[in-house]
Amino acid sequence: MMIRQPKNMERRVLIANRGEIASRVAKACRELGHTAIGIYTDNEPQGTHLQFCDEWVYLPGNTNAETYLNVEKLVALAKEVKADGVHPGYGFLSENRDFANALSDAGITFIGPHVEAIRVMGDKATSKKLANDAGVPTVPGTDHAVPTVDEAVEIAGRIGYPVLLKAVAGGGGRGMRACKDEAEVRAQFEAVGRESMAAFNNGDLLVEKLIVNPRHIEVQILADKKGNTFHFFERECSVQRRHQKIIEEAPSPFIGTDEELRQNVCETAVKLAKAVDYDSAGTVEFIMGEDKQFYFLEMNTRIQVEHPITEEITGMDLIVCMIQAAFGDELGIPSQEFIRRSGHAIECRICAEDPITMLPAPGLVTGFETNFPQGTRFDHCLYKGLEVTPDFDPMVGKLVCKGIVRDVAVRKMNAALDGLFIEGLKTNLPLLKEIMTEKNFVEGHYSTAYIGEVAPQNNVKTDLDHIKLYTIIAGSEARRMGI
């Protein structure tokens, strides 16, 4: 559902990002009648997102530190192009309160939540305390940084093993280590602290009970500056490698037809958002045990990679709504009941990575073709001749399929994966294809341990003919061979 602004509401929006999310934001800006301003850099002078923008501006630099992570340069650039607002996308500075503050000081709208929400929810200890105070269930463990390994051992003994050592400022699966006994806590404590310091410039750790075979359930939230807070139902993101999502779906097959549980999870997410006076798009993440008890994990104060599946089942444009909320405009949502869901959607993250080791595999795209079934959406930044470099995240696209029910969505995704041909570099397509036909996934029986324990990855490792056909032979040649 699109809410167009009158012409006198036209604004200039600088997109402080690249790739498919920059393209996505540009389209939403144009849908609202705003001017979308894209950025190009020295190491990406012809980014695919620029074709969807109304204007382009040069940001000098060859590294992320010199460009998309440079607060001073980006604020100066926003001033230079007379931007009314800046959309950070996801990653980079999307959850950086210094960036949001600097823009505010310059009189420019940060298209995201207020700074205090970023601060509180960006610190796992602080956000956990807020959740506890708000009556939101949290995983047993500490809501404060644990300073010594002896204290960590004492806490672990009290809450019971296994436990998780987790970075206070962590994200993306980094700074996390499971420990099954005291010896592992003592062996891992300093190592996790060093990893956390290197990744987040903060070595503080939490100690939490490890929920065995959990489901990763998250709820899409949207709030405005008028005190309205809505949820857009849940997503399930349990298929992960290295604690990073690769397949998401909405609604959750684990929650299934349990509407009472669904309502409880979604209303709990709204309660947490209200506790921090949230005023933008965001995602409240939970882990859910086999007993369907759920616990607050974290809140991402930005738009998520997997937002398209929520858009597909609700018919709402979340980026449009996010921009409207930032500028204080009406969302056009009269009540929670106005937001309805229909059908089932699945997203596969297409990554330039080795399907066996799951490590990034940059290279040159020598061929790119698609042949998708109806009901397929592909948000991507691919083209023939694209050089996928190690400078950026290896994700090059998001393949989304919607069906009237989950079985239909899975079948469509099978066909869509068969119809996606990326030549010249390795991708995770073989692994995704294996998962879509694997019995446990097809039946919806999986947890966050799925990739490490169930057959798909092992099949990819051992089936050498499969690897040869899908990662060595180019897609077009495979088609000529009739496979």
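Structural notes, computed from the coordinates.

Reading the values: the criteria
- Residues numbered from 1 in each chain as written.
- Predicted model: local features only at pLDDT ≥ 70, side-chain atom pairs only at ≥ 80, totals over all residues.
- Heavy atoms only, no water.
- Helix = DSSP H or I, 4+ residues; strand = E, 2+ residues; numbered from the N terminus.
- Rg over C-alpha atoms; globule rule 2.2 N^0.38 Å.
- Buried < 20%, exposed > 50% of the residue type's maximum accessible area, 1.4 Å probe, protein only.
- Contact = heavy atoms within 4.5 Å.
- Areas by Shrake-Rupley, 256 points an atom, 1.4 Å probe, with all protein chains shown as cover.
- Lys, Arg positive; Asp, Glu negative; His and termini not counted.
- Charge placed at Lys NZ, Arg CZ, Asp CG, Glu CD.
- Core = buried A, V, L, I, M, F, W, Y, C linked by side-chain atoms within 4.5 Å.
- Pairing = 2+ DSSP bridges.
- Axes fitted to C-alpha atoms, helices over the stretch in contact; angles between N-to-C directions.
- Parallel < 35°, antiparallel > 145°, perpendicular 65-115°, else oblique.
- Nonpolar A, V, L, I, M, F, W, Y, C, P; charged D, E, K, R; others polar.
- Salt bridge = Lys/Arg side-chain N within 4 Å of Asp/Glu carboxyl O.
- Phe/Tyr/Trp six-rings, centres within 6.5 Å; stacked < 30°, edge-to-face > 60°.
- Lys NZ or Arg CZ within 6 Å of the ring centre and 35° of its normal.
- Polar contact = N/O pair within 3.5 Å; in protein donor to acceptor, adjacent residues only side chain to side chain.

**Here's the deal with the overall build of the protein**
- Of the regular secondary structure elements, the protein holds 17 helices and 20 strands.
- The C-alpha radius of gyration of the protein comes to 22 Å, within 12% of the 23 Å expected for a compact globule of 483 residues.
- Along the three orthogonal principal directions, the C-alpha set of the protein runs to about 60 × 60 × 45 Å.
- Across the 483 residues in the protein, those meeting the buried criterion constitute 55%.
- Counted over contacts in the protein with a minimum sequence separation of 6, partners at least 24 positions apart contribute 66%.
- A total of about 19,600 Å² of accessible surface is found on the protein, and carbon and sulfur atoms cover 49% of it.
- Seen as two clouds, the 53 positive and the 69 negative side-chain charges of the protein have centres 2 Å apart.

**Let's talk about the nonpolar core**
- Counting residues in hydrophobic clusters, the biggest one holds 35 residues, and the most contacted among them are Phe232, Ile303, Ile323 and Ile333.
- Those elements giving two or more residues to this core turn out to be β1 (12-15), α1 (19-31), β10 (229-241) and α10 (318-326).
- If one sorts the elements of this core by residue count, α10 sits on top with eight residues.
- Ile323 has contacts with Ala28, Cys29, Leu32, His34, His87 and Ile111, leaving out every residue within four places of it along the chain.

**Remarks on the sheet that holds strand β5 (residues 109-110)**
- One open sheet holds the five strands; their spatial order is β3-β2-β1-β4-β5, and the pairing between them is parallel. Strands at the two margins of the open sheet, each flanked by one partner only, are β3 (55-58) and β5.
- When strand β2 (residues 35-40) meets β3, the two strands line up parallel, connected through four bridges. In the sheet register, Gly38 faces β3, and the bridge partner there is Trp56.
- With respect to the sheet, α1 is in contact with β1, β2 and β4 (85-87), its orientation differing from that of β1 by roughly 175°.

**Re helix α12 (residues 429-437)**
- With eight of nine residues buried, α12 lies mostly within the body of the structure.
- Of the positions making up α12, those classed as buried are Leu429, Pro430, Leu431, Leu432, Lys433, Glu434, Ile435 and Met436.

**Some details on the packing of helix α4 (residues 115-122) against helix α5 (residues 124-133)**
- As a packed pair, α4 and α5 sit with axes 5 Å apart at the nearest point and diverge in direction by 100°. Considered as vectors, α4 and α5 are oriented roughly perpendicular to each other. Only Lys124, Thr126, Ser127 and Leu130 of α5 make contact with α4, whose side of the interface consists of Val120, Met121 and Gly122.
- Looking at the contact of α4 with α5 residue by residue, the class counts come to three nonpolar, three polar and one charged.

**Thoughts on the pattern of salt bridges**
- Across all of its chains, the model carries 39 salt bridges by this definition.
- Arg302 serves as the salt-bridge partner of Glu95, at 2.9 Å between the closest nitrogen and oxygen. Taken as a pair, Glu95 in the loop between β4 and α3 (97-105) and Arg302 in the loop between β13 (294-300) and α9 (307-314) lie far apart in primary sequence, 207 residues in all.
- The partner of Glu190 in a salt bridge is Arg194, with the nearest N and O atoms 3.9 Å apart. With Glu190 and Arg194 both in helix α7 (residues 182-200) and four residues apart, the pair spans about one turn of that helix.
- According to the relative accessible area criterion, Glu190 is exposed, its value standing at 57%.
- On the accessibility criterion, Arg194 (55% relative accessible area) is exposed.
- Counted as one network, the salt bridges with shared partners bring together Glu218, Arg235, Lys245, Glu248, Glu285, Glu306 and Arg349.

**Notes on the packing of aromatic side chains**
- Considering all chains together, one arrives at eight aromatic pairs under this definition.
- Summarising the aromatic geometry, the rings of Phe99 and Phe110 are spaced 6.1 Å apart at their centres and angled 85° between planes, so their arrangement reads as edge-to-face. Note that Phe99 is positioned in helix α3 and Phe110 in strand β5, a separation of eleven residues in sequence.
- Members of the aromatic cluster, each reached through a chain of ring pairs, are Phe368, Phe372 and Phe378.
- A cation sits over an aromatic face here: Arg406 above Phe441, 4.9 Å from the ring centre.

**A few points about the side chain of Arg349**
- In this fold, Arg349 is placed in strand β14 (residues 344-351).
- Those residues in contact with Arg349, other than ones at most four positions away along the chain, are Lys245, Ile246, Glu248, Val305, Glu306, Met395, Gly397, Asn428 and Leu432.

**Regarding the environment of Gln220**
- Relative to the helices and strands, Gln220 is located in strand β9 (residues 215-223).
- In this structure Gln220 touches Phe230, His231, Phe232, Phe233, Arg235, Ala281, Gly282, Thr283, His307, Thr310 and Leu318, once residues within four positions along its chain are discounted.
- Side-chain polar atoms of Gln220 contact the backbone oxygen of Gly282, separated by 3.1 Å.

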